[in-house]
Amino acid sequence: MVTAVAAEADSVSAGLGLGAPELLPLPGGLVLRRHTDAPDGRVLVDVLVGGVGPAAVAASTGTALAYAALTGAGTPYGLVVSAGIAGGFQPLAPLGFVVVSSAVVAADLGAQTPDGYLTVDELGFGRSVHPVPEALTGRIAAALVAAGRPHTVGPVLTVSTVTGTAARAAELAGRHPGAAAEAMEGFGVAEAAAAYGVPVVEIRAVSNAVGPRDRAAWRIGEALHALRRTSELLGKTVFLELEPS
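Visitor: How should I be thinking about the overall build of the protein in this particular structure?
Guide: Summing up its helical and strand segments, the protein has eight helices and twelve strands in all. For 245 residues, the compact-globule formula gives about 18 Å, and the C-alpha radius of gyration of the protein, at 17 Å, lands near that figure. Dimensions of the protein along its principal axes, counting C-alpha atoms only, are 60 × 40 × 35 Å. Buried positions account for 47% of the 245 residues belonging to the protein. Sequence-distant contacts, at least 24 apart, represent 74% of the contacts inside the protein between residues at least 6 apart. For the protein, the exposed area adds up to about 10700 Å²; of that, 60% sits on carbon and sulfur atoms. Taken together, the 15 basic and 21 acidic charged side chains of the protein have centroids lying 6 Å from each other.

Now the structure itself:
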C-alpha cells in the first residue's frame, strides 16, 4: 500500500493490526514497512510513504517494486493500493465517505487548445486512464457494504495542482463524468504497478469537498480515522485473500 505522507501510512499500518512492521531501507531514503505473518515470516502487506505528487510516488513505487523483484520477497505482489485521504466531488462523495476507484485518471495530463482540453491519449503520447477490474472493485465494495461503511465507487482523478475554485471543480467534473475524488498520487502509483503487471486500485477517505479552498472545513482527522477503519476491514478480508500469482 502506497501513501503520500507518513500520517496516512500510520493510519494504514495501525488499521492492518499486524503488529510492528519490519523497516526496510530502500534507495533514495525510502523506508518500506513490511508486515509479515509472524509464525512463518510470509509477507502480508508492505506499506510505503511514497511522497506527494504523481512523479515522486511513481519513482518510489517503482523502487519498491524493483526491490521486491530483485530480492524475491513478496514478488510479485498480488495488488498495489494507492491509499490516503482526498477531496470528494459533491454530492457523490461527502466528507467521511470512502471512495474506491473504478478508474485511476490523470486529469490534467494533456493540452489546452482553442477547441478545449485534449488528453494525452488524444494527443497520441500515451495513456491517461488505468481502469480497475470490476471484480476487484466489487469485492472491496461488497466488504464495505457488509460492514456498513459509507462509500462510493467511481473514477479518482490525479492532479498536480489541487482544485481550489468552483470553476475548476466544475470543469473537472464535466470532463470526467462520475468522478468521485481528487488526489495527487494515484496515477503515478498505477503507472509503476502497470510496468510490473500488478493490479492497482485507489482507496481514498474524503477529508474535504473539491472546490473553493476552505481549510476550516477540512476534516483530516476524521478522514484518517476512516482510512484506518477501512484498512482494518479490508486487511481482514480482501487484501489478505489476494495471493501473489
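Visitor: Where do I start with helix 7 (residues 220–236) in this structure?
Guide: In an α-helix, one full turn covers 3.6 residues, which means residues spaced three or four apart are oriented alike. With 17 residues, helix 7 extends 24 Å between its outermost C-alpha atoms, agreeing within 8% with the 24 Å of an ideal straight helix rising 1.5 Å per residue. Burial in helix 7 covers these residues: Ala-223, Leu-224, Ala-226, Leu-227, Thr-230, Ser-231, Leu-233, Leu-234 and Gly-235.

Visitor: I would appreciate a short explanation of the nonpolar core in the present structure.
Guide: Across soluble globular proteins, nonpolar side chains have a tendency to be buried as a group. The biggest cluster of nonpolar side chains holds 49 residues, and the ones touching the most others in it are Val-80, Val-81, Ile-140, Val-201, Ile-203, Leu-234 and Phe-239. The element best represented in this core is helix 7, accounting for six residues. Beyond its immediate sequence surroundings of up to four residues, Val-80 is in contact with Val-2, Thr-61, Leu-65, Val-189, Ala-193, Val-198, Pro-199, Val-200 and Val-201. Among the nonpolar cores identified, the runner-up in size contains ten residues, and Ala-107, Ala-169, Leu-172 and Ala-179 belong to it.

Visitor: In this structure, what is going on with the pairing of strand 12 (residues 200–209)? I would like to understand it.
Guide: Successive residues of a regular strand alternate their side chains across the two faces of the sheet. Judged by how many residues are buried, strand 12 sits mostly within the fold: nine of ten residues are covered. By the bridge criterion, nine bridges tie strand 5 (residues 80–88) to strand 12 in an arrangement that is parallel. Among the inter-strand pairings, Val-80 is bridged to a residue of strand 12, identified as Val-200.

Visitor: Even after reading the chapter, I still don't get the environment of Ser-82, so can you show me in this structure?
Guide: Note that Ser-82 resides in strand 5. Put simply, Ser-82 and Met-1 are 81 residues apart on the chain and 6.0 Å apart in space, counted from C-alpha to C-alpha.

Visitor: What is the right way to read a nonpolar patch on the surface from this model?
Guide: The grouping of Leu-118, Leu-123 and Phe-125 at the surface amounts to a nonpolar patch, some 280 Å² of accessible area in total. One can find Leu-123 in helix 3 (residues 120–123).

Visitor: Where do I start with the packing of helix 2 (residues 54–71) against helix 6 (residues 186–195) in this structure?
Guide: Any two packed helices are characterised by the angle at which their axes cross and by the distance between the axes. Running from N to C, helix 2 and helix 6 point in directions that differ by 30°, and their axes come no closer than 7 Å. With respect to helix 6, the axis of helix 2 lies roughly parallel. In this structure, helix 2 crosses over helix 6, and the sense of that crossing is right-handed. Mapping the contact onto sequence places Pro-54, Val-57, Ala-58, Thr-61, Gly-62 and Leu-65 in helix 2 and Gly-188, Val-189, Ala-192 and Ala-193 in helix 6. Residues belonging to the contact of helix 2 with helix 6 are distributed by class as follows: seven nonpolar, three polar and no charged.

Visitor: Help me understand helix 1 (residues 6–16), please; the structure alone is not making it clear to me.
Guide: Those residues of helix 1 not exposed but buried are Glu-8, Ala-9, Ser-11, Val-12, Ser-13, Gly-15 and Leu-16. Check the buried side of helix 1 and you find it contacts strand 1 (2–3), strand 3 (30–37), strand 4 (42–49), strand 5, strand 12 and helix 7. One or two residues past the end of helix 1 sits Gly-17, with phi positive at roughly 65°.

Quick notes on the rules
Residues numbered from 1 in each chain as written. Predicted model: local features only at pLDDT ≥ 70, side-chain atom pairs only at ≥ 80, totals over all residues. Heavy atoms only, no water. Helix = DSSP H or I, 4+ residues; strand = E, 2+ residues; numbered from the N terminus. Rg over C-alpha atoms; globule rule 2.2 N^0.38 Å. Buried < 20%, exposed > 50% of the residue type's maximum accessible area, 1.4 Å probe, protein only. Contact = heavy atoms within 4.5 Å. Areas by Shrake-Rupley, 256 points an atom, 1.4 Å probe, with all protein chains shown as cover. Lys, Arg positive; Asp, Glu negative; His and termini not counted. Charge placed at Lys NZ, Arg CZ, Asp CG, Glu CD. Expected span 1.5 Å × (residues − 1). Core = buried A, V, L, I, M, F, W, Y, C linked by side-chain atoms within 4.5 Å. Pairing = 2+ DSSP bridges. Patch = residues over 30% accessible without salt bridge, like charges linked within 9 Å, V, L, I, M, F, W, Y side chains within 5 Å. Salt bridge = Lys/Arg side-chain N within 4 Å of Asp/Glu carboxyl O. Axes fitted to C-alpha atoms, helices over the stretch in contact; angles between N-to-C directions. Parallel < 35°, antiparallel > 145°, perpendicular 65-115°, else oblique. Left-handed = near helix turned anticlockwise from the far one by under 90°. Nonpolar A, V, L, I, M, F, W, Y, C, P; charged D, E, K, R; others polar.

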